[in-house]
Amino acid sequence: MSDVEGPTDERSAPDAAATPDEPAASAVRQRSELEIRWRQTRNAPPPVVRAVVANIAVAAVGGIILLLLDWLAAADANGLAPLIYVIVVIASGSALTYLWVELPTGASGERRRSPWAAVLGFFASIPIVYLSLVVIFQVLRPLLP
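This section reports on the structure supplied with the text. (Residues numbered from 1 in each chain as written. Predicted model: local features only at pLDDT ≥ 70, side-chain atom pairs only at ≥ 80, totals over all residues. Heavy atoms only, no water.)

1. Quick look at the overall build of the chain
The following threshold applies: Secondary structure elements are defined from DSSP: runs of H or I of at least 4 residues count as helices, runs of E of at least 2 residues count as strands, and each element is numbered from the N terminus. Relative accessible area decides the class of each residue, using a 1.4 Å probe on protein chains only: under 20% of the type maximum gives buried, over 50% gives exposed, and in between gives partly exposed. Contact definition: two residues touch when any of their heavy atoms are within 4.5 Å. The protein chains shown are the only cover counted for residues, whose accessible areas, like all others here, come from Shrake-Rupley with a 1.4 Å probe.
Scanning the chain from N- to C-terminus turns up 4 helices and 0 strands. Starting at the N terminus and ending at the C terminus, the chain contains elements arranged as α-α-α-α. Counting across all 145 residues of the chain, residues that qualify as buried make up 21%. In the chain, the proportion of contacts linking residues at least 24 apart, taken out of those at least 6 apart, comes to 65%. Carbon together with sulfur atoms contributes 66% to the accessible area of the chain, which is approximately 11000 Å² in total.

Right under this line is the structure:
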């Protein structure tokens, strides 16, 4: 093969040994929706993973404190503790994501931060806060005496 022909893609080249009765070995298989979503889950972008991990860590620690506070002060429970929990998780998750997620740059060693990282943390924190409140008050709290 000469350099003039250029590179060939083995996936797109038909199989010379294939007969008309047999499909070519290079036929592209259509992925199912489940396979597509599983691949996207396994190859998630690092900034998204960092935002979710930061928010889950804050929600877990705050959730334990909220659960203990609610359990110890069952008679004097006021409605402010869950509201404070939500505000703390959203604010600290956004701040941690801002500090942890950096924009990629072409220059090595140069680091840049953007307010968009905090927005990413904010949007990642909302479903995490909701799910953590459900787990705290609907699953764990009834298990405590």
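2. Let's talk about the packing of aromatic side chains
Rules: Here the aromatic set is Phe, Tyr and Trp, taking the six-membered ring for Trp, and pairing holds for ring centres within 6.5 Å; pairs whose planes are under 30 degrees apart are stacked, those over 60 apart are edge-to-face, and all others are tilted.
As enumerated under the stated definition, the model contains 1 aromatic pair in all. Ring geometry for Phe-122 and Phe-123: centres 5.3 Å apart, planes at 70°, overall edge-to-face. Phe-122 gets classed as partly exposed once you look at its relative accessible area, which sits at 34%.

3. What about the packing of helix α2 (residues 46-72) against helix α4 (residues 115-140)?
We apply this condition: Every axis in this analysis is a line fitted to C-alpha atoms, fitted for helices over the stretch in contact. Angles between the N-to-C directions lie between 0 and 180 degrees. Handedness of each helix crossing follows the sense of rotation of the near helix against the far helix: counterclockwise by less than a right angle gives left-handed, clockwise gives right-handed.
Between α2 and α4, whose axes approach to 9 Å, the crossing angle comes to 35°. Handedness of the α2/α4 crossing: right-handed. Between α2 and α4, the residues in contact are Pro-47, Val-48, Ala-51, Val-52, Asn-55, Ile-56, Ala-59, Gly-63, Leu-66, Leu-67 and Asp-70 and Leu-120, Gly-121, Ala-124, Ser-125, Ile-128, Ser-132, Leu-133, Ile-136, Phe-137 and Leu-140, respectively.

4. Description of the pattern of salt bridges
The test is simple: What makes a salt bridge here is a side-chain nitrogen of Lys or Arg within 4 Å of a carboxyl oxygen of Asp or Glu, nothing more.
Considering all chains together, one arrives at 3 salt bridges under this definition. A salt bridge links Arg-29 to Glu-35, with the nearest nitrogen and oxygen atoms 3.3 Å apart. Among the residues examined, Glu-35 registers a relative accessible area of 33% and is labelled partly exposed. One salt bridge connects Arg-141 with Asp-70, and the closest N-O pair in it is separated by 2.8 Å. Within this pair, whereas Arg-141 is found in the segment after α4, its partner Asp-70 is found in helix α2, the two being separated by 71 residues in sequence.

5. Remarks on the nonpolar core
Side chains that are nonpolar tend, in soluble globular proteins, to be buried together. Stated formally: By nonpolar core we mean a set of buried residues, namely Ala, Val, Leu, Ile, Met, Phe, Trp, Tyr and Cys, connected to one another through side-chain atoms within 4.5 Å.
Ranked by size, the top nonpolar core spans 11 residues in total: Val-58, Ala-59, Leu-66, Leu-67, Ala-81, Tyr-85, Val-89, Ile-90, Ile-128, Val-129 and Ile-136. Counting only elements with at least two residues in this core, the list comes to α2, α3 (80-100) and α4. Leaving out residues up to four positions away in the same chain, Val-58 has contacts with Val-88, Val-89, Ser-92 and Leu-96.

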